[in-house]
Amino acid sequence: MRPLPVISAKNLSLTFETNDGPVQALKNVSLDIEKGDFVSFIGPSGCGKTTFLRCMADLEQPTDGAIQVNGVTPAQARMARAYGYVFQAAGLYPWRTIGGNIRLPLEIMGYSKAEQVSRVGRVLELVELAGFERKFPWQLSGGMQQRASIARALAFDADILLMDEPFGALDEIVRDYLNEQLLRLWARTGKTIAFVTHSIPEAVYLSTKIVVMSPRPGRISDVITSPLPKERPLEIRETPEFLEIAHRVREGLRSGHRDE
Amino acid sequence: MTVATPSSGPSGRILGPFGSGVGDMRQSFWPVVTILGLLLVLWYGAAIWLNAAWTYDKATRSGATVTATSLVADTWAQKKPKLPAPHQVAVEIWETTVLKKVSSKRSLVYHSWVTLSATLLGFGMGTLLGTLLAVGIVFNRTMDMSVMPWVIASQTIPILAIAPMIIVVLNAVGVSGLLPKAMISMYLSFFPVVVGMVKGLRSPDQIQLDQMKTWYASASQTFWKLRLPASMPYFFTSLKIAMAASLVGAIVGELPTGAVAGLGARLLAGSYYGQTIQIWSALIMAAALAAALVGIIGLVQRVTLRRMGMAS
């Protein structure tokens, strides 16, 4: 028997009531994410990829359908601190040092002082920011700030990492570097990652599964299981296999647009 | 001493919402001196112009002729001038502060202390009340809808109209002395604190609030770890306004009671007896007091925000 999926959505729909009338952000979305998967969500603005991620995190409430995280409701999963969430902006507190920022969720969750110290040291090591513990956020570059925010999401024992365009505001070179780091981190920690992005190369490079979404109403138009090996140097992006998947993603995005 | 330029930080740097203008004393020295000099010239000129009538009056009665020199000398040295010259005020302040015993009823230090104690008590109560109201408004939707209009309405009532009421009512229930004046100070000073703190406590952005939610933080954790620290720059700016308002409140509180002590009493007594020099020295003393108090808050603000990593 297959193990229970980590995240399981069935016929999920979400309609926002706005001043201009109802907007259907998600319509009949069904998807299973298995343990250890790296799933990317890609699609144009308004396709509901961020909304879907926020539903997993209990930050939005679906209007119809069912969603389970670790076999329970998203609200129960949130209360059990089952996931770490990385937002588009680092959102570090300017009055706390990098170490203090990473300690914040640990303080909230009631970890002991000794445990806080050892965990902060460990995750700083993990995102290669050791030595920056006492620096304030403004003393770090944007890429380093975003790494600190990833460290913060890793500091507590959540098996799921939800990432909402974490590298969207960074330049290409920093982005490549962070993508490589993220893959290494994923291999070392074995976490299940859901990753929202705008970038086709990023989605193909990172994922074991790529979910292509299309807008109005937000829905899944294609799910591609990547045949690429787990070990991925940056050069893999020039291989025929990589380009073939990228092509299929692009086709998926285009077909979503043709429907309008 | 290095001169801080506010824009020199890296792009990701977050400064408080109110630039801290620290460390530019050297840059501002000459402009300040120039303006001060200009004001003194205008003041001396105005003293001649306004006091000349009395000089000519006296001369006509005694049959003396007024020369340019005697005009200037007389207008700058009258006993009850329309506008006393700066040095007259300076001499009066010197005589009533340094040369008088502090316990004397004629000491300006004594009167300043009377006003200052009411100011500080009112400021403390106003800050506490303002902060509590702001917390209530931010955390409770009903309070947000119901309290804010009253807070604003309270400030549309002229303080001069309501001050005697407060004093009379409190006197009737046996409360007199410091507290009624402090109440008027509080009435004026809680308002900037409410407005500033509501804005400050609401300053965290949606991402920071969502983050707290993903960590399943309690409301009190969100308050102590996010909202309160985020509100600090707003808090200190509110305190500066509240302190100035509090001093005005204490002085106004001394006017309708015919108080015998305090800067307000000095102003009132001065105007009864046409002692313009006394009025001006009390005014200057009040201004110096306000500047000193606001300066102290500015200092605490700088030290605190620097420790928090929120200022240069």
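Residues numbered from 1 in each chain as written. Chains lettered and ligands numbered in written order. Predicted model: local features only at pLDDT ≥ 70, side-chain atom pairs only at ≥ 80, totals over all residues.

Asks: Residues and numbers for the overall build of chain A, please.
Replies: Scanning chain A from terminus to terminus reveals eight helices and nine strands. Relative to its length of 260 residues, chain A is compact, with a C-alpha radius of gyration of 18 Å against a globular reference of 18 Å. Projecting the C-alpha coordinates of chain A onto the three principal axes gives extents of approximately 55 × 45 × 40 Å. Put simply, chain A has 260 residues, and 45% of those count as buried. Taking contacts inside chain A between residues at least 6 apart in sequence as the whole, the part at least 24 apart equals 70%. (Helix = DSSP H or I, 4+ residues; strand = E, 2+ residues; numbered from the N terminus. Rg over C-alpha atoms; globule rule 2.2 N^0.38 Å. Buried ≥ 20, exposed ≤ 12 C-beta atoms within 10 Å, placed from the backbone. Contact = placed C-beta atoms within 7 Å.)

Asks: An account of the sheet that holds strand 2 (residues 21–33) of chain A is requested, with residue identities and associated values reported.
Replies: All names here are of chain A. Strand order in this open sheet of three strands is 2-1-4, and the pairing throughout is antiparallel. The open sheet terminates on both sides in strands that have one partner only, identified here as strand 2 and strand 4 (64–69). Averaged over all pairs of adjacent strands, the angle between strand axes in this sheet comes to 30 degrees, irrespective of strand direction. (Pairing = 2+ DSSP bridges. Axes fitted to C-alpha atoms, helices over the stretch in contact; angles between N-to-C directions.)

Asks: Pulling in residues and values, what's your account of the interface of chain A and chain B?
Replies: At the interface, 20 residues of chain A touch 20 residues of chain B. Among the secondary structure elements, those contributing two or more residues to the side of chain A that touches chain B are helix 2 (74–79), helix 3 (98–108) and helix 5 (142–154) of chain A. A per-element tally of the side of chain A that touches chain B places helix 3 of chain A first, with three residues. Partitioning the side of chain A that touches chain B into residue classes produces 15 nonpolar, three polar and two charged. (Nonpolar A, V, L, I, M, F, W, Y, C, P; charged D, E, K, R; others polar.)

Asks: Describe the packing of helix 7 (residues 178–201) of chain B against helix 9 (residues 219–254) of chain B, listing the residues and the values that go with them.
Replies: Residue and element names in this part refer to chain B. At a minimum axis distance of 7 Å, the contact between helix 7 and helix 9 shows a crossing angle of 160 degrees. One element, helix 7, and the other, helix 9, form an angle in the roughly antiparallel class. Viewed along their axes, helix 7 and helix 9 form a crossing whose handedness is right-handed. Among the residues forming the contact of helix 7 with helix 9, the class breakdown is 17 nonpolar, 10 polar and four charged. (Parallel < 35°, antiparallel > 145°, perpendicular 65-115°, else oblique. Left-handed = near helix turned anticlockwise from the far one by under 90°.)

Asks: Can you lay out the domain arrangement of chain B for me, pointing to particular residues and giving the numbers?
Replies: Residues and elements named next belong to chain B. Along its sequence, chain B is organised into domain 1 (22–82) and domain 2 (108–307). Each of domain 1 and domain 2 has a C-alpha centre, and these two points are 36 Å apart. Each side of the interface is counted separately: domain 1 has four residues, and domain 2 has four residues. Split by residue class, the side of domain 1 that touches domain 2 holds two nonpolar, no polar and two charged. (Domains from an automatic or database assignment.)

Asks: Give a description of the environment of Leu71 of chain B that names residues and reports values.
Replies: Summarising the element assignment, Leu71 of chain B is placed in helix 2 (residues 68–75). Sequence-distant contacts of Leu71 of chain B, that is, excluding residues within four places in its chain, are made with Ile48, Ala52, Thr55 and Val66 of chain B.

Asks: Break down helix 10 (residues 263–272) of chain B for me, with residues and values.
Replies: Residues and elements named next belong to chain B. Among all positions of helix 10, only Leu263, Gly264, Ala265, Arg266, Leu267 and Leu268 are buried. Looking at the packing, one finds that the buried side of helix 10 touches helix 4 (108–139), helix 9 and helix 11 (276–307). Where helix 10 ends, the next residue or the one after it, Gly274, has phi of about 65 degrees, a positive value.

Asks: Before we move on, can you summarise the nonpolar core with the specific residues and values?
Replies: Residue and element names in this part refer to chain A. Ranked by size, the top nonpolar core spans 75 residues in total, and within it Met56, Tyr83, Ala148, Ala151, Leu162 and Ala194 carry the most contacts. When residues in this core are grouped by element, the largest group, six residues, is from helix 5. Here this core gathers at least three residues from each of two domains, domain 1 (7–82 + 159–258) and domain 2 (92–157). If near-sequence neighbours (up to four positions away) are discounted, Ala151 is found in contact with Ile102, Val123, Leu124, Leu126, Val127 and Leu129. (Core = buried A, V, L, I, M, F, W, Y, C linked by C-beta atoms within 7 Å.)

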